[in-house]
Amino acid sequence: MTPEQKTPTRRGRSPKPAPAPEKCGTCAGSGETTTTVRVGRKRREIGATQTGLCPTCLGAGTA
């Protein structure tokens, strides 16, 4: 009896990871923007800020 030789099989490569999505230019990837608070009829600014969702990416942080 002669032993049969198996042909070597190649291993498949693992898929490359997907490229990271680009960061939003408006919020720098955080998903939030800050605005100054304005009060009164003449819309004067006070020394406070508030945060909100980025209008460009809607809080996702990616463009």
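Just above sits the structure.
Thresholds, definitions, all that
- Residues numbered from 1 in each chain as written.
- Predicted model: local features only at pLDDT ≥ 70, side-chain atom pairs only at ≥ 80, totals over all residues.
- Heavy atoms only, no water.
- Helix = DSSP H or I, 4+ residues; strand = E, 2+ residues; numbered from the N terminus.
- Buried < 20%, exposed > 50% of the residue type's maximum accessible area, 1.4 Å probe, protein only.
- Contact = heavy atoms within 4.5 Å.

Chemist: Lay out unusual backbone geometry with the relevant residues and their values.
Modeler: With a phi angle near 60°, Ala 28 is a residue other than glycine that sits in the positive phi range. Examined against the element boundaries, Ala 28 turns out to sit in the segment before strand S1 (32–39). One non-glycine residue with positive phi stands out, namely Arg 43, at about 55°.

Chemist: Mind laying out the side chain of Thr 33, listing which residues take part and the relevant values?
Modeler: If you trace the backbone, Thr 33 turns up in strand S1. With relative accessibility at 17%, the residue Thr 33 sits in the buried group. Excluding residues that lie within four positions of it along the chain, Thr 33 makes contacts with Thr 26, Cys 27, Gln 50, Thr 51, Gly 52, Leu 53, Cys 54 and Pro 55.

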